[in-house]
Amino acid sequence: MIKIAPSILSADFANLGEATAKLSGWGADWVHFDVMDGNFVPNITFGPPTCKAIRPHTELPIDVHLMVEHPGDWIIPFHDAGADIITFHVESGEHHLHSLLQRIHALGMKGGVVLNPATPIESCIHLLPDCDLVLMMSVNPGFGGQKFIPETLHKIHQLRQEIERRNLSVDIEVDGGVNPETAKACIDAGATILVAGSAVFHAPDPKAMIQMLRCE
Ligand code: DX5
Ligand code: ZN
């Protein structure tokens with residue numbers, strides 16, 4: 001079963017609680033929460049206080065995507081703010097990726113790493129047994145509404161083969177430019193979770209859009 005994780009980066013920031021509350025009625029599985037620090041990526045969004053503010057508005061898991069330097073500094077604050085899943089970039093400058101996954105798990109959350117478009121899958125293969133998921137960026141992180149980078153499909157396929165070869169259970173989440181045209185190819189390549197920001201929030205009928213993205 002494919003999971004859909006709408007990114008509230010594309011929601012109306014003046015009404016985030018309301019936007020978040022609508023997601024379960026639309027049939028979404030997770031709330032994707034894009035954290036940007038203005039250093040790792042050229043944009044700034046929101047942090048733990050905003051996560052804490054939306055927490056009472058949904059029972060869906062909150063999937064925190066850390067696009068920040070020093071992601072290790074933010075594990076406890078996001079845990080305390082009600083996050084369920086935390087992913088961080090292998091390119092973040094964090095020296096101890098494995099121990100960061102251990103820290104996330106010790107707090108009872110799911111954890112995984114994120115790969116930018118130019119980062120080869122080799123950067124995460126030794127972490128796979130300790131990842132609940134790997135988030136594959138299909139655009140350069142920083143902004144919603146960008147065009148899907150097709151080479152990502154090759155990476156998803158390679159990673160899925162590696163996961164199956166080792167008989168592991170790891171989700172592959174795809175983030176950026178996911179829409180009804182690109183979703184099917186991601187799923188066929190081996191993705192199990194699709195993030196969608198603009199496709200969902202700018203759709204005339206978000207519920208129908210989420211259903212369409214599942215490609216069932
Ligand atoms: C980009 C973010 C994405 C973004 C996706 O840096 O990580 O989650 O919101 O937006 P769309 O679906 O519009 O490409
Ligand atoms: Zn994201």
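Up top is the structure.
Below is a short write-up of the structure. In this text the structure is predicted, and so the values were computed from the model without any measurement.

## Quick look at the overall build of the protein
1) Next: Helix and strand counts for the protein stand at eight helices and eight strands.
2) Next: The dimensions of the protein, computed from C-alpha atoms along their principal axes, are 40 × 35 × 30 Å.
3) Next: Relative to its full complement of 216 residues, the protein shows a buried share of 56%.
4) Next: Counting contacts in the protein only where the partners sit at least 6 residues apart, residues at least 24 apart contribute 64% of the total.

## Focus on the site of ligand 1
1) Next: Taken together, 20 residues form the shell around ligand 1, and within it D34, G142, D175, G197 and S198 come nearest.
2) Next: Between an oxygen atom of ligand 1 and a side-chain N or O atom of S7, the distance comes to 3.0 Å.
3) Next: Within the contact set of ligand 1, an oxygen atom lies 2.5 Å away from a side-chain nitrogen or oxygen of S198.
4) Next: Here ligand 1 loses 99% of its free accessible area of 380 Å² to cover by the protein chains.
5) Next: Counting only elements with at least two residues in the shell around ligand 1, the list comes to β2 (31-36), β3 (62-67) and β8 (193-196).
6) Next: Here the shell around ligand 1 gets three residues from one element, more than from any other, and that element is β2.
7) Next: Broken down by class, the residue content of the shell around ligand 1 amounts to eight nonpolar, 10 polar and two charged.

## Structural notes on the coordination of the zinc ion (ligand 2)
In an ideal tetrahedron of four donors about a metal, each angle is 109.5 degrees. In an ideal octahedron of six donors, the angles are 90 or 180 degrees.
1) Next: Distances from the zinc ion (ligand 2) to its protein donors, H32 (NE2), D34 (OD), H65 (ND1) and D175 (OD), fall at 2.0 to 2.3 Å.
2) Next: Taken together, the six donor atoms coordinating the zinc ion (ligand 2) and their angles of 67 to 168° define a geometry best described as octahedral.
3) Next: Here the donor residues of the zinc ion (ligand 2) are spaced in sequence according to H-x1-D-x30-H-x109-D. Highlighted residues: H32 in strand β2 and H65 in strand β3, separated in sequence by 33 residues. Note on accessibility: H32 and H65 belong to one class, buried.

## Observations concerning the nonpolar core
1) Next: I8, F33 and L194 are the most contacted members of the largest nonpolar core, which totals 64 residues.
2) Next: Apart from the residues within four sequence positions on either side, I8 is in contact with F13, L16, T20, L23, V31, H32, F33, F46, I54 and F201.
3) Next: Within the second largest apolar cluster, six residues are counted, among which are A5, L133, I193 and V195.

## Describing the environment of H70
1) Next: Tracing the sequence through the fold places H70 in the loop between β3 and α3 (75-80).
2) Next: Sequence spacing of H70 and E94 is 24 residues, and the spatial spacing of their C-alpha atoms is 6.0 Å.

## Quick word on the pairing of strand β4 (residues 85-89)
The side chains of a regular strand alternate, residue by residue, between the two faces of the sheet.
1) Next: By the criterion of burial, β4 is predominantly enclosed, with five of the five residues buried.
2) Next: Burial of the side chains of β4 extends over both faces: I85, T87 and H89 are buried on one face and I86 and F88 on the other.
3) Next: Relative to β4, β3 runs parallel, the two being bridged by four bridges. Note on β4: the bridge partner recorded for H65 is T87.
4) Next: Taking the sense of rotation as the criterion, the β-α-β connection linking β3, α3 and β4 turns out right-handed.
5) Next: Judged from the five bridges that link them, β4 and strand β5 (residues 110-115) form a sheet pairing that is parallel. Its bridge partner being in β5, I85 is matched across the sheet by K110.

What counts and what doesn't
All chains use their own residue numbering, which begins from 1 and follows the written sequence. For naming, the first written chain is A and the first written ligand is 1, with later ones following in the order written. Local features are withheld for residues below a pLDDT of 70 in this predicted model, meaning they are given only at 70 or higher, and side-chain atom pairs are given and counted only at 80 or more; totals for whole chains, interfaces and linings count all residues. Think of the side-chain values as coming from all heavy atoms in the structure, minus any hydrogens and water. Helix and strand definitions follow DSSP, with helices as H or I runs of at least four residues and strands as E runs of at least two, each counted in order from the N terminus. Exposure categories follow from relative accessible area, calculated using a 1.4 Å probe and restricted to protein chains: below 20% of the type maximum is buried, above 50% is exposed, and the middle band is partly exposed. Any two residues whose heavy atoms approach within 4.5 Å at even a single point are treated as in contact. Any residue with a non-hydrogen atom lying within 4 Å of a molecule or strand is treated as near it. Any N or O atom pair separated by 3.5 Å or less is treated as a polar contact, with the protein-specific requirement of one donor-capable and one acceptor-capable atom, and with residues adjacent in sequence counted only for side-chain atom pairs. For the accessible areas, the method is Shrake-Rupley and the probe is 1.4 Å, while residue cover comes only from the protein chains on display. Each residue receives one of three labels: charged for Asp, Glu, Lys and Arg, nonpolar for Ala, Val, Leu, Ile, Met, Phe, Trp, Tyr, Cys and Pro, and polar for the others, Gly being one of them. Distances up to 2.8 Å from the metal define which N, O and S atoms are donors, and 3.2 Å serves for Na, K and Ca; water is absent from the atom set, so sites may look incomplete. Here a site with four donors is tetrahedral if all angles are between 85 and 135 degrees, and a site with four or six donors is square planar or octahedral if opposite donors are over 155 degrees apart and the other angles are between 65 and 115; anything else gets the irregular label. We define the nonpolar core as a collection of buried residues of types Ala, Val, Leu, Ile, Met, Phe, Trp, Tyr and Cys that are connected through side-chain atoms lying within 4.5 Å of one another. For two strands to be treated as a pair, DSSP must find at least two bridges joining them. Whether a crossover is right-handed comes down to one check: with the strands pointing away from the viewer, does the path from the first strand over the helix to the second run clockwise; if it does, it is right-handed.

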